[in-house]
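# Breakdown of the fold
Now for the letters of each chain:
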Amino acid sequence: MSTKRAWIWTVAVLAAACSLTLCGCKKKQTEDTGKNYIGVAYYNQSDTFLNELLDCFRSQLKDIQGGDTETVVMVRDAAGSQRTQDDQVKELIDAGCDVLCVNLVDRADPSEIIDLARENEVPIIFFNREPVAEDLMQWDGLYYVGADAEQSGYMQGELAADMIQSNSQADGNRDGKIQYVVLEGEVGHQDAIIRTEAVVEALADREIELEKLSYQIANWNRAQAENRMEQLIGQYGNQIELILANNDDMALGALDAYEKLNYTEAAVPAIFGIDGTEAGLKAVVNARLAGTVYNDKEGQARAMAQIAMALLTGKGMEEVEFESERCVYLPYQKITAENAEDFLYQNQ
Ligand code: BGC
Ligand code: CA
């Protein structure tokens, strides 16, 4: 072989070896830069509660990790499509993410994501939208962080019962029954189904006579809730005595509808939400909402950050308080005008 050909061969072999190393070791690259990569995929960027939760997650990560490691968070919004989210998860894995946090679009359809994660050995912390237990058990690199949906609905019912039993105006037409409507989150979401059942159960346990006027799905969304409520007000007018919304955004949407129709403050029925978002808490402070239930985003974000860091560093998993092996459920808390300010300013 001439020296020239031998030289060309050497270059070709080196190039091939080099490209192999490059494609086979995205993770290695991230290790070399001393950075950790966490991929976050969530169902919809228009969701108020989740945006607040993700802000908390970023700040909790900063608190938990030491000064010498840098963690980069890459966030992807699926805009309500599970197909899009499946692709985004693949992209995050290809980009070298070492851990994923996934807020499923369709909580009943995580199999593609689980397969991808398992093949690539990238653990997943699911959050807020709870996969069914059989799916979570498919691989031991899967975790869930959320809250106890039943508790939130039950607490909302207790708040409403307290209000009704202490306020003689609550039964507007004095027929001994409370005429109510429910604004529900997405069909199939654990928090929508369970909160709706539990709130009614709590009111029944407190022996409040109820008359259901209507249940309307508004997909957690303020504008949709406003729209549904405008129709209901058109249909039932002053008969509506109580509005139970599965989350604060829909409670605020109901309020928007009354404001749009120029109802005076005194003529708006009692409205209860769940979450304690910034806007929700402010509305409770101003007595525009009768109460809400705090969905502990700080606690959820902390658990997600703890698990993520433990997976990245191999240390600290024993500090996480798991239930059913790989799940963390944070408790809810009741909020009324009396304590709403404490929650509003707790993290400032
Ligand atoms: C929250 C809602 C939110 C939903 C999104 C629920 O836990 O209460 O405000 O829209 O999660 O999955
Ligand atoms: Ca009544």
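For the structure itself, look to the data block above.
Just so it is clear, the structure is predicted and the values come from calculations on it, not from any experiment. (Residues numbered from 1 in each chain as written. Chains lettered and ligands numbered in written order. Predicted model: local features only at pLDDT ≥ 70, side-chain atom pairs only at ≥ 80, totals over all residues. Heavy atoms only, no water.)

## Quick look at helix 8 (residues 190–205)
Its 16 residues place the ends of helix 8 22 Å apart at the C-alpha level, agreeing with the 22 Å of an ideal helix rising 1.5 Å per residue. Taken together, the buried positions of helix 8 are Gln190, Asp191, Ala192, Arg195, Thr196, Ala198, Val199, Ala202 and Leu203. Buried-residue contacts for helix 8 involve strand 5 (142–147), helix 7 (149–166), strand 6 (178–184), strand 7 (210–217) and strand 8 (242–245). Looking one or two residues beyond helix 8, the residue adopting positive phi is glutamate 207, at roughly 60°. (Helix = DSSP H or I, 4+ residues; strand = E, 2+ residues; numbered from the N terminus. Expected span 1.5 Å × (residues − 1). Buried < 20%, exposed > 50% of the residue type's maximum accessible area, 1.4 Å probe, protein only. Contact = heavy atoms within 4.5 Å.)

## Observations concerning the site of ligand 1
Residues in contact with ligand 1 amount to 13 residues; listed here are only the nearest, Asp47, Asn128, His189, Asp191 and Asp275. For ligand 1, an oxygen atom lies 2.9 Å from a polar atom in the side chain of arginine 195. Taken by itself ligand 1 offers 310 Å² of open surface, and the protein chains cover 99% of this. Looking at the shell around ligand 1, the elements with two or more residues in it are helix 3 (48–64) and helix 8. Each residue belonging to the shell around ligand 1 can be placed in one class, and the counts come to four nonpolar, four polar and five charged. Looking at which domains feed residues into the shell around ligand 1, each of domain 1 (33–147 + 297–330) and domain 2 (150–294) gives three or more. (Near = heavy atom within 4 Å. Polar contact = N/O pair within 3.5 Å; in protein donor to acceptor, adjacent residues only side chain to side chain. Areas by Shrake-Rupley, 256 points an atom, 1.4 Å probe, with all protein chains shown as cover. Nonpolar A, V, L, I, M, F, W, Y, C, P; charged D, E, K, R; others polar. Domains from an automatic or database assignment.)

## Details of the packing of aromatic side chains
Considering all chains together, one arrives at five aromatic pairs under this definition. Measuring from ring centre to ring centre gives 5.8 Å for tyrosine 143 and phenylalanine 322, while their planes differ by 35°; the resulting arrangement is tilted. Within this pair, whereas tyrosine 143 is found in strand 5, its partner phenylalanine 322 is found in the loop between helix 12 (297–313) and strand 11 (327–330), the two being separated by 179 residues in sequence. Ring centres of tyrosine 258 and tyrosine 263 lie 5.0 Å apart, and the angle between their planes is 85°; on these two criteria the pair is classed as edge-to-face. (Phe/Tyr/Trp six-rings, centres within 6.5 Å; stacked < 30°, edge-to-face > 60°.)

## A word on the sheet that holds strand 2 (residues 70–77)
Here six strands make up an open sheet; going across it, the order is 2-1-3-4-5-11 and the pairing parallel. This sheet does not close on itself; its edge strands, each paired only once, are strand 2 and strand 11. Across the sheet, the axes of successive neighbouring strands diverge by a mean angle of 20°, strand direction being ignored. As judged from the three bridges shared by strand 3 (residues 99–102) and strand 4 (residues 124–127), these two strands associate in the parallel manner. When the sheet's bridge partners are listed, valine 102 is paired in strand 4 with phenylalanine 126. Its contacts with the sheet put helix 12 on strand 1 (35–42), strand 2, strand 3, strand 4, strand 5 and strand 11, and the angle it makes with strand 5 is roughly 165°. (Pairing = 2+ DSSP bridges. Axes fitted to C-alpha atoms, helices over the stretch in contact; angles between N-to-C directions.)

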